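Chain by chain, the residues:
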Amino acid sequence: MNVLVCVKQVPDMESKFTVSSDGLWYDQSDLTYKINEYDEYAVEEAVRLKEKLGDVTITVLSIGPDRVKEAIRKALALGADKGAHIKDDEAHLKDPFQIATIIANYAKDKNFDIIFTGMQSEDRGSAQVGALVAEMLGMNCVTTIVDFEYADGKVNVKRELEGGIKAKVTAKLPVVLTCQLGLNTVRYPTLPNIMKAKRKELKEFDVSEFLNVDPKVITLKAFVPEKKKGGIVLEGAPDEIADKLINILKEKAII
Amino acid sequence: MKLLLVGEYKNGNIDDSFYELVAFAGKLGAEAVAFFVAPTDIKPEFNGKVYVADVEKAKEYNPKVHRDLILKVAEKENPDYIVLSHSSYGWDLAPRIAYKWDAGQISEIVDVDNDGFVVPFCNAKLRRLLKPNTGKAVLTLQSGAFAPAKEGSASVETIDVDVADEGLEFTGFEVVEKGGVDLTKAEIIVSAGRGVGKKENIEIVEKLAKVLGAELGASRPVVDAGWLPQERQVGTTGQTVAPKLYVACGISGAIQHLAGMKKSNFIVAINKDKDAPISEVADVFVVADLLEFVPVLTEKLSS
Ligand SMILES: Cc1cc2nc3c(=O)[nH]c(=O)nc-3n(C[C@H](O)[C@H](O)[C@H](O)COP(=O)(O)OP(=O)(O)OC[C@H]3O[C@@H](n4cnc5c(N)ncnc54)[C@H](O)[C@@H]3O)c2cc1C
Ligand SMILES: Cc1cc2nc3c(=O)[nH]c(=O)nc-3n(C[C@H](O)[C@H](O)[C@H](O)COP(=O)(O)OP(=O)(O)OC[C@H]3O[C@@H](n4cnc5c(N)ncnc54)[C@H](O)[C@@H]3O)c2cc1C
């Protein structure tokens with residue numbers, strides 16, 4: 001079986017974000033990057049499938065500047081077989097439609113049986129790329145999966161709805177699956193596997209090979225939202241702020 | 001300008017999120033028509049035309065079937081925008097419609113501006129103003145961002161369900177089993193987030209809950225990691241609560257969590273990141289390491 005996993009590198013959401021000088025994105029200096037959390041579940045699920053079936057080749061793809069190679073290496077250390085880095089320093093002004101086009105053009109002659117993506121990215125959160133890739137390639141697609149099983153040429157998945165309800169869906173291959181938080185528990189890469197990952201194939205492509213469309217959405221500006229609610233902020237020694245908090249709660253007759 | 005609003009019919013009712021789409025159309029000053037897969041006798045409180053595909057025939061949700069029905073209505077009505085909620089239904093369907101309709105998509109709109117649509121990014125720490133580069137576009141709206149507008153009565157037209165899909169098969173629902181906990185009845189809830197760091201530290205938050213006579217709640221990662229059971233999860237895919245006091249310990253305040261607790265009467269957040277989006281809803285925001293602060297607070301409250 002031939003499997004593709006799309007991983008995006010995103011900054012840590014606990015970072016302090018400021019708007020970049022062109023006013024369109026966040027300033028990318030001084031940020032620490034990691035694999036998009038949703039995509040880690042995607043990698044893990046692919047590796048589990050390989051462990052179960054044996055005859056599975058997992059390719060990990062990431063689009064972005066050189067630093068995204070780290071994300072690919074991490075996925076290789078988790079158990080993926082080979083990497084494809086689609087180099088794009090000018091990630092600027094690319095919308096989900098363009099990102100999906102790049103992925104679809106890369107994938108179209110490679111006969112992937114399953115493509116795993118994240119349900120959304122942590123920074124942008126458009127939740128578009130997976131379903132778009134499926135449409136472009138004419139593949140089936142189930143989004144927001146929290147459970148996965150492969151049997152007899154089909155996949156049985158659970159798609160998460162609101163309020164604790166899940167829909168059980170069976171899909172024929174080839175299929176695109178977008179992975180939701182908690183799909184599995186992601187393993188830690190072991191040191192030998194990290195070493196092994198360094199020797200695995202990681203091919204680099206230039207984005208111009210795969211991108212042949214204009215954006216369908218344009219960014220006019222990025223900005224810091226106004227604070228809506230002026231709550232009380234307590235800072236300082238734990239002992240003092242605990243007293244202050246208790247006083248407030250007593251004043252408001254909450255405790 | 002004309003919008004096609006795609007409503008949701010859930011658990012035997014028109015989901016209230018539909019009226020948020022109506023409000024959005026009002027805000028744009030646009031004409032609107034609507035589409036539902038629902039029983040053909042529904043009566044949305046909406047002044048306009050409503051196309052209904054019979055849910056008996058369309059059966060449980062299949063994205064390709066819904067996509068093609070919507071495209072059929074779009075062909076007839078020729079709207080500028082097709083609008084859905086950013087829900088499990090909306091985000092599943094929207095990109096599929098956008099692609100076939102040859103249009104761009106803007107996800108999770110929270111506001112409109114003269115020039116375009118405002119969406120959050122980086123866990124709502126920043127926002128962007130976006131504009132479709134194509135004349136038409138598919139839009140999804142963040143749930144709760146537009147106050148529902150309910151008024152009037154619709155004229156309903158039934159449309160044929162003449163499309164099918166063999167690729168996906170719906171085989172049933174699964175509902176989370178509820179144990180003895182009912183968070184919706186609690187007067188005080190103290191919730192643990194990923195900021196607790198590890199399972200052993202849940203105890204720290206649990207002790208605070210105990211002295212306050214509170215129920216223990218959790219954010220999703222805490223449940224996903226198996227530190228607390230699913231019945232304690234607060235948020236869109238867990239419980240929606242509105243207690244007298246909600247204490248969020250090490251919770252960043254992602255929209256899906258906020259949706260489940262922002263109606264609480266009084267909110268205290270304990271977080272070491274001053275910019276965490278939970279500050280948007282917190283009445284008191286304690287900037288501290290919860291591992292240090294919570295034990296001190298618990299100690300003072302118990303004496
Ligand atoms: C002005 C501007 C500057 C930008 N600069 C950057 C930048 O420097 N770095 C950056 O990463 N993005 C940048 N972007 C955003 C990037 O183009 C978007 O991430 C892209 O459009 C996909 O949208 P999304 O992340 O919301 O996708 P979603 O639909 O939310 O993502 C779902 C899934 O698609 C897959 N996916 C998404 N993106 C990639 C990718 N790059 N490689 C592999 N798989 C992917 C993943 O599996 C992911 O989980 C910029 C955008 C703009 C407008
Ligand atoms: C479709 C969908 C549905 C979802 N449904 C839900 C839902 O129902 N409920 C839900 O909660 N989430 C839900 N989520 C997930 C949601 O998007 C967030 O990922 C999640 O809420 C984050 O949980 P958190 O705040 O605990 O963790 P994080 O976002 O990782 O935040 C941890 C916070 O702890 C702080 N922190 C870290 N260490 C300390 C310390 N020592 N002291 C003090 N503060 C500290 C950090 O500054 C940070 O702000 C859903 C997501 C999707 C896509």
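Residues numbered from 1 in each chain as written. Chains lettered and ligands numbered in written order. Predicted model: local features only at pLDDT ≥ 70, side-chain atom pairs only at ≥ 80, totals over all residues. Heavy atoms only, no water.

(A) Examining the interface of chain A and chain B more closely. Contacts between the two partners involve 81 residues from chain A, matched on the other side by 81 residues from chain B. Taking both partners together, chain A and chain B bury about 7200 Å²; carbon and sulfur atoms supply 55% of that area. Where chain A touches chain B, the interface holds 13 salt bridges. Among the salt bridges present, the one from Lys10 of chain B reaches Glu162 of chain A, with a minimum N-O distance of 3.7 Å. (Contact = heavy atoms within 4.5 Å. Buried area = accessible area lost by both parts, 1.4 Å probe. Salt bridge = Lys/Arg side-chain N within 4 Å of Asp/Glu carboxyl O.)

(B) Up close: the sheet that holds strand E1 (residues 2-6) of chain A. Spatial ordering of the open sheet is given by E11(A)-E5(A)-E4(A)-E1(A)-E6(A)-E10(A)-E7(A)-E8(A)-E9(A)-E13(B), a layout of 10 strands whose pairing is mixed. A single partner strand is all that each edge strand has here, and the edge strands are strand E11 (202-206) of chain A together with strand E13 (168-175) of chain B. Between one strand axis and the next, the sheet turns through 30 degrees on average, direction left out of account. Pairing geometry for strand E4 (residues 57-64) of chain A and strand E5 (residues 82-87) of chain A, over 6 bridges, is parallel. Within the sheet, the bridge partner assigned to Val60 of chain A lies in E5 of chain A and is Gly83 of chain A. (Pairing = 2+ DSSP bridges. Helix = DSSP H or I, 4+ residues; strand = E, 2+ residues; numbered from the N terminus. Axes fitted to C-alpha atoms, helices over the stretch in contact; angles between N-to-C directions.)

(C) Local environment of unusual backbone geometry. Residues and elements named next belong to chain A. With an omega dihedral of -5 degrees, the bond running from Leu173 to Pro174 counts as a cis peptide bond. The topology assignment puts Pro174 in the loop between strand E9 (165-172) and strand E10 (175-179). Here Asp152, not a glycine, exhibits a phi torsion of approximately 50 degrees, which is positive. Mapped onto the elements, Asp152 comes out in the loop between strand E7 (140-151) and strand E8 (154-160). Owing to a relative accessible area of 76%, Asp152 belongs among the exposed residues under this scheme. (Buried < 20%, exposed > 50% of the residue type's maximum accessible area, 1.4 Å probe, protein only.)

(D) Fine view of the packing of aromatic side chains. A complete count under the given rule lists 16 aromatic pairs over all chains for this structure. Each ring, one from Phe17 of chain A and one from Tyr26 of chain A, has its centre 5.3 Å from the other, and the planes form 65 degrees; the classification is edge-to-face. Note on accessibility: Phe17 of chain A and Tyr26 of chain A belong to one class, buried. Connected via pairs of aromatic rings, a cluster forms that spans Phe17, Trp25 and Tyr26 of chain A together with Phe121 of chain B. Above the ring of Phe97 of chain A, the side-chain terminus of Lys216 of chain A is found at 4.6 Å from the ring centroid. (Phe/Tyr/Trp six-rings, centres within 6.5 Å; stacked < 30°, edge-to-face > 60°. Lys NZ or Arg CZ within 6 Å of the ring centre and 35° of its normal.)

(E) Here's a closer look at the packing of helix H2 (residues 68-78) of chain A against helix H5 (residues 191-199) of chain A. Residues and elements named next belong to chain A. At a minimum axis distance of 8 Å, the contact between H2 and H5 shows a crossing angle of 120 degrees. One way to sum up the angle between H2 and H5 is to call them oblique. The hand of the H2/H5 crossing is right-handed. Along the contact surface, H2 presents Arg73, Leu76 and Ala77, while H5 presents Asn193, Ile194, Ala197 and Lys198. Looking at the contact of H2 with H5, its residues break down into 4 nonpolar, 1 polar and 2 charged. (Parallel < 35°, antiparallel > 145°, perpendicular 65-115°, else oblique. Left-handed = near helix turned anticlockwise from the far one by under 90°. Nonpolar A, V, L, I, M, F, W, Y, C, P; charged D, E, K, R; others polar.)

(F) Just helix H3 (residues 96-107) of chain A, in detail. Residues and elements named next belong to chain A. If you check H3, its first and last C-alpha atoms are 16 Å apart, about what 12 residues at 1.5 Å a residue would give, namely 16 Å. Within H3, 11 of the 12 residues are buried, leaving the element largely enclosed by the surrounding structure. Along H3, the residues classified as buried are Pro96, Phe97, Gln98, Ala100, Thr101, Ile102, Ile103, Ala104, Asn105, Tyr106 and Ala107. (Expected span 1.5 Å × (residues − 1).)

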